[in-house]
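Survey of secondary and tertiary structure
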Amino acid sequence: MDFGAGFLVRGIGQLLTMDGPPGPRRGAARGEIGLVGKAALAVSGGRVLWRGPEKDLPAGSFRNLREIDLQGRVVTPGFVDSHTHPLFGKTRQGEFAMRAAGADYEEIAAAGGGILNSVRATRAADDSVIEANLRRVLSSMLSLGTTTLEAKSGYGLDDETEIRCLRILARVAPTVPQTILRTFLGAHALPTEYAGDPSGYLSFLKTEVLPLVAKEGLADFVDVFCEKGVFTPEESRRHLQDAQGLGFRVRIHADEFHDTGGAGLAVELGAMSADHLLSVSPENIARLASSDTVATLLPGTALFLNKPFPPGRALLDAGAAVALASDYNPGSCFCESMPFMVNLAVCACGFTVEEALVSATVNGAAALGLSETKGALSPGMDADFIAWNIDDYRCIPYHMAVPDVGAVFCGDEIRQPGERIV
Ligand code: NIG
Ligand code: FE
């Protein structure tokens, strides 16, 4: 039998298949990593053909596949980073330094900095600059093991720049190894030309921008920043219902700095995910737990802004499906490292090592509606995986801030050759 191009990866010391119940993982299953010792993994046509204990490899099979011996290393699925903002004109290290000297993130934003600072820079930037920023971070993400991600617009806030950013994303996405889902975040802030008129801005998005995004197929999801001083829950509901009316699935930046009830709104609207949740109320933790909305935690943002970490343990114990993502963006978390997010989840948000790894793979995929193809290594799923330079998976968060990612495999190719691996 000719399998064509592909790999037979042998000598895997620990294979985390992430086998478990289908869909978002929660409750008793929240830490199921499907660990197989002394394992092998056969890949062809970009899909997992077979995986299991090496001693059970069907005799004589997979002879046409290229053999790779990992000599006892760990293999996990690639990370699924379900919340990033990589489309912008300039970084904001000046504001970072101001915060380091005592300024507050929300005060900087209220004074016209923050998101609106990035909006000015993005409107003024050439396509080539936005594209170069995007490509640079995608390549860095790959080197850190992210094989699937979600990317949001939201630094244009006018029809021209929002559409321009989404078109750049549409052009770049098919040229990189990762799978990228796209989110329209026109409701990220109120642009200065609509100051004092959120209703007018939302009407503009509804009549001028959303239909164009839908017509050109430029986004998979629509998101809103539901926050005190940004969009109220009522405004957020209206915008997301407009989006749902056009067939978009929705997600919400919810309860980041203040408990405005964003998480409850996410449940009410059947959103894919409620993200941030630093200030989520106990009532809304319970509502998330009894819903299909994934609770997406972004611990890098809490660290970067010196805010309290999100209540990971409480969400996990309540039975919510919890995902971890980077929130990579120029203002509130300039970090694209998923291994570091796993570390922060364990060290600062009460996750076990296994829960953190499930949240950064299986549940990230669920938050993007990709449970059938991404986040785990079952036969038939996409063969996106990391061969780590470690022999014990617990070293992933244990080695703080130092990612031991070796080789990264994505689709049917080795996208990053690992030192001493291939
Ligand atoms: O997810 N919370 C809202 N927006 C982004 C980044 C905002 C910024 O550019 O400062 C976030 O943190
Ligand atoms: Fe965000």
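Residues numbered from 1 in each chain as written. Chains lettered and ligands numbered in written order. Predicted model: local features only at pLDDT ≥ 70, side-chain atom pairs only at ≥ 80, totals over all residues. Heavy atoms only, no water.

1. Looking at the overall build of the protein
In plain terms, the rule: Secondary structure follows DSSP: runs of H or I at least 4 residues long count as helices, runs of E at least 2 residues long count as strands, and numbering of each begins at the N terminus. Radius of gyration: over C-alpha atoms. The globule rule applied is 2.2 Å multiplied by the number of residues raised to the 0.38 power. Note on exposure labels: buried denotes an accessible area under 20% of the residue type's maximum, exposed denotes more than 50%, and partly exposed covers the range between, all computed with a 1.4 Å probe on protein chains only. Residue contacts are counted whenever heavy atoms from the two residues lie within 4.5 Å of one another. For the area figures, the Shrake-Rupley method with a 1.4 Å probe applies, and any residue is considered shielded solely by the protein chains shown.
Of regular secondary structure, the protein possesses 15 helices and 15 strands. Taking 422 residues into account, the globule formula puts the C-alpha radius of gyration at 22 Å, and the protein, at 21 Å, falls close to it. Projected onto its principal axes, the C-alpha positions of the protein cover 70 × 45 × 45 Å. Expressed as a percentage of its 422 residues, the buried residues of the protein come to 60%. Summarising the internal contacts of the protein: among those between residues at least 6 apart in sequence, 71% fall at separations of at least 24. Counting only carbon and sulfur atoms, one obtains 52% of the accessible surface of the protein, whose full area is about 15,300 Å².

2. Overview of the site of ligand 1
The test is simple: Put simply, a residue is near a molecule or strand once any heavy atom of it comes within 4 Å of that molecule or strand. By the criterion applied in these results, polar contacts are pairs of N or O atoms within 3.5 Å in which, for protein atoms, one can donate a hydrogen and the other can accept it, and in which residues neighboring in sequence qualify only through two side-chain atoms.
Neighbouring ligand 1 are 15 residues, the closest being Arg92, Tyr105, Tyr155, Glu256 and Ser332. Note that an oxygen atom of ligand 1 is positioned 2.5 Å from one of the side-chain N or O atoms of tyrosine 155. Measuring from a nitrogen atom of ligand 1, one finds a side-chain N or O atom of histidine 188 at 2.7 Å. Surface burial for ligand 1 is 100%, taken as the share of its 330 Å² of free accessible area covered by protein chains.

3. Observations regarding the coordination of the iron ion (ligand 2)
For a metal bound by four donors in tetrahedral geometry, the ideal donor-metal-donor angle is 109.5 degrees, whereas six donors in octahedral geometry ideally sit at 90 or 180 degrees. To keep things clear, this is the line we draw: Atoms are scored as donors when they are N, O or S and lie within 2.8 Å of the metal, with 3.2 Å used for Na, K and Ca; no water is included, so coordination may look incomplete.
In this structure, His83 (NE2), His85 (NE2), His253 (NE2) and Asp327 (OD) serve as the protein donors to the iron ion (ligand 2), at separations of 2.0 to 2.4 Å. One chain supplies every donor to the iron ion (ligand 2), and in sequence these donors are spaced H-x1-H-x167-H-x73-D. Here histidine 85 is found in the loop between strand 5 (79–81) and helix 1 (93–100), whereas its partner aspartate 327 is found in the loop between strand 12 (322–324) and helix 12 (338–348), with 242 residues between them in sequence. For the pair histidine 85 and aspartate 327, one class covers both residues: buried.

4. Thoughts on the pairing of strand 1 (residues 6–16)
We apply this condition: At least two bridges found by DSSP between two strands are what make those strands a pair.
Where burial is concerned, most of strand 1 is hidden: nine out of the eleven residues are buried. Pairing analysis gives seven bridges linking strand 1 to strand 4 (residues 66–77), with the strands arranged parallel. Paired with leucine 8 across the two strands is glutamate 67, which belongs to strand 4.

5. Observations concerning the sheet that holds strand 2 (residues 35–44)
Spelled out, the test is: Axis definition: a line fitted to C-alpha atoms, limited for helices to the stretch in contact. Angles are taken between N-to-C directions and run from 0 to 180 degrees.
Spatial strand order, 3-2-1-4-13-14-15: seven strands in an open sheet with mixed pairing. Taken across any chain shown, the strands that pair with only one partner, and hence form the sheet edges, are strand 3 (47–53) and strand 15 (413–416). Neighbouring strand axes in the sheet, compared pairwise and without regard to direction, differ in orientation by 40° on average.

6. Re the packing of helix 4 (residues 127–143) against helix 5 (residues 159–172)
Packed helix pairs are specified by the crossing angle of their axes together with the interaxial distance, meaning the distance between the axes. What counts is decided by this rule: Angles are sorted into four bins: roughly parallel if under 35 degrees, roughly antiparallel if over 145, roughly perpendicular if 65 to 115, and oblique for all others. Crossing handedness is read from the near helix: turned anticlockwise from the far helix by less than a right angle, it gives a left-handed crossing, and turned clockwise, a right-handed one. Here the term charged refers only to Asp, Glu, Lys and Arg, the term nonpolar to Ala, Val, Leu, Ile, Met, Phe, Trp, Tyr, Cys and Pro, and the term polar to all other amino acids, Gly among them.
Taken N-terminus to C-terminus, the directions of helix 4 and helix 5 make an angle of 50°; their axes are 10 Å apart at the nearest point. With respect to each other, helix 4 and helix 5 are oriented oblique. In this structure, the crossing between helix 4 and helix 5 has a hand that is right-handed. For the pair helix 4 and helix 5, contact is made by Asp127, Ile130, Glu131, Leu134, Arg135 and Leu138 and by Arg164, Cys165, Ile168, Leu169, Arg171 and Val172, respectively. Of the residues contributing to the contact of helix 4 with helix 5, the split by class is seven nonpolar, no polar and five charged.

7. A closer look at the domain arrangement of the protein
Convention followed: Domain boundaries shown here were taken from an automatic or database domain assignment. By buried area we mean the combined loss of accessible area, with a 1.4 Å probe, across both parts when two parts are placed together.
As assigned here, the protein comprises domain 1 (7–77 + 376–416) and domain 2 (80–367). For domain 1 and domain 2, the distance between their C-alpha centres works out to 29 Å. Taken together, the contact between domain 1 and domain 2 spans 28 residues of the former and 34 residues of the latter. Summing both sides of the interface, domain 1 and domain 2 together bury roughly 2,400 Å²; the carbon and sulfur share of this comes to 66%. It is Arg26, Arg30 and Pro397 in domain 1 that bury the most area against domain 2; as a group they hold 27% of the surface buried on that side.

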